[in-house]
Amino acid sequence: MKPLRIAVLGAGPIGLEAALYAATLGHEVTVLERGRAGENLTRWGHVTLFSPWRMNHTPLGKRVLESTGVRHWPADESYQSGLELLRSYLLPLSTSPPLRGRILEQHQVLAIGKDHWLKGEKIADASRLDSPFRILARSPTGEKLFRADRILDTTGTYGCPNRLGSGGISAIGETAAQDRISYDLDDPLGRDRERYAGKRTLLVGCGYSAATSLKAMRRLAAEADGTTVLWVTRSTEDRPYPILSDDPLPGRAALVDQANRIASEGADGIQRLPGREVESIRQLEDGSLEVHLSTSNGDERHRVDRILANVGYQPDRTLYAELQVHECYASSGPMKLAAALLSQGSADCLSVGGQGAEALLNPEPGFFILGSKSYGRNSAFLLRAGFEQVRDAFRLIQGSSELDLFASPKATPA
């Protein structure tokens, strides 16, 4: 087929694999990255991934790097941190010959539209594909316009955190207290130690990120005098984390066990506050925060030095606000994929696959949302599912249901 202009938004793990797939098929691919390739991994890279090495790379990527002289790989069942994955695989991939010169760093996508057509025109009409996409981006030298025949949005969710307040909206005073709130998966034992050592922290959340922070803060409390944590959860369950029988991911099983033990038995320096929600935050003259919590038994006020908000993330949908994207009213992910995930009904991310090519289709032809962003507010995403999505998206683009560069030793364009 005729080479297409393909724009990949985001140079994270899924974006780089998508760009490599497009380049291998001979397309004219451009990657627009708001920061640097793999940059988000530096923000949580101290954390060891639940999934083993064999699930966090593709055969295509490995073959490309082997062709450049890379020969030493982790064992298939070994576990790497985010930074190890970045340094050993993603960064070398981003500078490999197929992707060299194709990744435009410091290019933040602001909006996407179509040449000549508005959002409400030619609704779900295949002829919209005849008009190229317009991509407005902010670069170090000013705003630029790019055109593309197909777009793969792999921008993820990490830069778009949920809010602290009840009902998912900001608590009163949350915006004003931003310099004392972290929505990232911080590193209290390393890079961020000074933020938390000897301080009183309000940890909010009850997902795996909160469990990871809890584990680190427990150790910090044992190492640094005066370190205390108030752990706020909406759940009132004695053991709030579900236990998967014979969990095949040992890191996840161990993390869940420790978090449940802290929740039910307590730990030195950590006090759990179940059944609470954040109502308001007020910054005091000394820089500390007064946090107002609501409970079924009345209101409480606590004074803390800092808030660690591990409350999850959601997709930035403003990028494609002028495209015809059918979104799930609950997860904010694309509707077909959201419905497929909901019908699967599994809480275990290992059992959630790519869901097939048809699940990636939007009313806007030629526009695909891949990676964690495609799951919306659903956090059960694994890189392996994103790789399957890349393969399935290109099956649609190429018009070949059998195309699989991740399985074949050579590119076989349809």
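Above this text is the structure in question.
Residues numbered from 1 in each chain as written. Predicted model: local features only at pLDDT ≥ 70, side-chain atom pairs only at ≥ 80, totals over all residues. Heavy atoms only, no water.

A. Main features of unusual backbone geometry. The backbone of Gln106 shows a phi angle near 60 degrees, a positive value even though the residue is not glycine. By the secondary structure assignment, Gln106 is in the loop between β3 (103-104) and β4 (108-114). Given the relative accessible area of 32%, Gln106 is considered partly exposed. Even without a glycine there, the phi angle at Asp246 is positive, about 50 degrees. Along the chain, Asp246 falls in the loop between β10 (228-233) and α7 (250-265). (Helix = DSSP H or I, 4+ residues; strand = E, 2+ residues; numbered from the N terminus. Buried < 20%, exposed > 50% of the residue type's maximum accessible area, 1.4 Å probe, protein only.)

B. Structural detail: the environment of Thr30. Locating Thr30 in the fold gives a position in strand β2 (residues 28-32). Residue class for Thr30 comes out partly exposed when judged on its relative accessible area of 25%. Through-space distance from the C-alpha of Thr30 to that of Gly312 is 30 Å; in sequence the pair is 282 residues apart. If we ignore the near neighbours within four places in the chain, the residues touching Thr30 are Ile6, Ala7, Val8, Arg102 and Leu104. (Contact = heavy atoms within 4.5 Å.)

C. Spotlight on the sheet that holds strand β5 (residues 133-139). Taking strand neighbours across the sheet as the criterion, the 3 strands line up as β4-β5-β6 in an open arrangement whose pairing is antiparallel. Of all the strands in the sheet, just β4 and β6 (142-148) have a single pairing partner and so form its edges. The average angle at which neighbouring strand axes cross in this sheet is 25 degrees, direction not considered. Inspection of the sheet shows β5 paired to β6 by 7 bridges, in the antiparallel sense. In the sheet register, Arg134 faces β6, and the bridge partner there is Arg147. (Pairing = 2+ DSSP bridges. Axes fitted to C-alpha atoms, helices over the stretch in contact; angles between N-to-C directions.)

D. Quick peek at helix α1 (residues 13-24). The first and last C-alpha atoms of α1 sit 17 Å apart over 12 residues, in line with the 16 Å expected at 1.5 Å per residue. Of all 12 residues in α1, 11 are buried; the element is thus mostly enclosed. Three or more residues of α1 are buried, namely Pro13, Ile14, Gly15, Leu16, Glu17, Ala18, Ala19, Leu20, Tyr21, Ala22 and Ala23. (Expected span 1.5 Å × (residues − 1).)

E. Examining the packing of α1 against helix α4 (residues 82-94) more closely. Between α1 and α4, the shortest axis-to-axis distance is 10 Å and the interhelical angle comes to 45 degrees. One way to sum up the angle between α1 and α4 is to call them oblique. Pair α1 / α4 crosses with left-handed handedness. Seen from α1, the contacting residues are Pro13, Leu16, Glu17 and Leu20; seen from α4, they are Tyr89, Leu90, Leu93 and Ser94. Considered class by class, the residues forming the contact of α1 with α4 number 6 nonpolar, 1 polar and 1 charged. (Parallel < 35°, antiparallel > 145°, perpendicular 65-115°, else oblique. Left-handed = near helix turned anticlockwise from the far one by under 90°. Nonpolar A, V, L, I, M, F, W, Y, C, P; charged D, E, K, R; others polar.)

F. Summary view of the nonpolar core. Of all hydrophobic cores here, the largest spans 54 residues; its most connected members are Tyr21, Leu152 and Phe394. Looking at this core, the elements with two or more residues in it are β1 (5-9), α1, β2, α2 (39-44), α3 (59-67), α4, α8 (335-344) and α9 (383-398). The dominant element in this core, judged by the number of residues it contributes, is α1, at 8 residues. When neighbours within four sequence positions are excluded, Tyr21 is seen to be in contact with Leu60, Val390, Arg391, Phe394, Leu403, Asp404, Leu405 and Phe406. (Core = buried A, V, L, I, M, F, W, Y, C linked by side-chain atoms within 4.5 Å.)

G. Spatial organisation of α4. Taking 1.5 Å per residue, 13 residues should reach 18 Å; α4 reaches only 16 Å between its end C-alpha atoms and comes up short. At Ser88, α4 shows its maximal bend, which comes to roughly 30 degrees, and the proline Pro92 appears one to four places after that position. Three or more residues of α4 are buried, namely Gly82, Leu85, Leu86, Tyr89, Leu90, Leu93 and Ser94. Of the surrounding elements, those touching the buried residues of α4 are α1, α2, α3, β3 and α9. (Bend = angle between axes of the 7 residues up to and from the residue.)

H. A look at the environment of Met55. For Met55, the location among the structural elements is in the loop between α2 and α3. Along the chain, Met55 and Glu223 lie 168 residues apart, while their C-alpha atoms are 35 Å from each other.

I. Just the pattern of salt bridges, in detail. Within the structure shown, the criterion is met by 23 salt bridges. One salt bridge connects Glu105 with Arg36, and the closest N-O pair in it is separated by 3.1 Å. With Glu105 in the loop between β3 and β4 and Arg36 in the loop between β2 and α2, the pair connects residues that are 69 residues apart, well separated along the chain. For Arg193, the salt bridge is made with Glu223, and the minimal N-O distance between the two is 3.1 Å. Of the two residues, Arg193 sits in helix α5 (residues 193-196) while Glu223 sits in helix α6 (residues 208-223), which places them 30 residues apart along the sequence. Relative accessible area serves as the criterion here: at 41%, Glu223 is assigned to the partly exposed category. Through salt bridges with shared partners, a single network forms among Asp115, Arg134 and Arg147. (Salt bridge = Lys/Arg side-chain N within 4 Å of Asp/Glu carboxyl O.)

J. The side chain of Ser96, seen in detail. Mapped onto the elements, Ser96 comes out in the loop between α4 and β3. In this view, Ser96 contacts Val64 and Leu65; residues no more than four positions away in its chain are not counted.

K. Representation of the side chain of Arg272. Within the secondary structure, Arg272 sits in strand β11 (residues 270-274). Comment: no salt bridge for buried Arg272; closest opposite-charge side chain is Asp238, at 5.5 Å. Here the side chain of Arg272 touches Ser235 through a polar contact of 2.9 Å, landing on its backbone oxygen. (Lys, Arg positive; Asp, Glu negative; His and termini not counted. Polar contact = N/O pair within 3.5 Å; in protein donor to acceptor, adjacent residues only side chain to side chain.)

L. Just the pairing of strand β9 (residues 200-204), in detail. Most of β9 sits out of view: 4 of its 5 residues are buried. Where β9 lies against β10, 5 bridges are found, and the strand directions are parallel. The partner of Val204 across the bridge, within β10, is Val232. Since β9 and β10 lie parallel, the crossover through α6 that links them has a hand, and here it is right-handed. In the sheet, β9 pairs with strand β15 (residues 306-309) via 4 bridges, with the strands oriented parallel. If you follow Thr201 over to β15, its bridge partner there is Arg306. (Right-handed = clockwise from strand over helix to strand, strands pointing away.)

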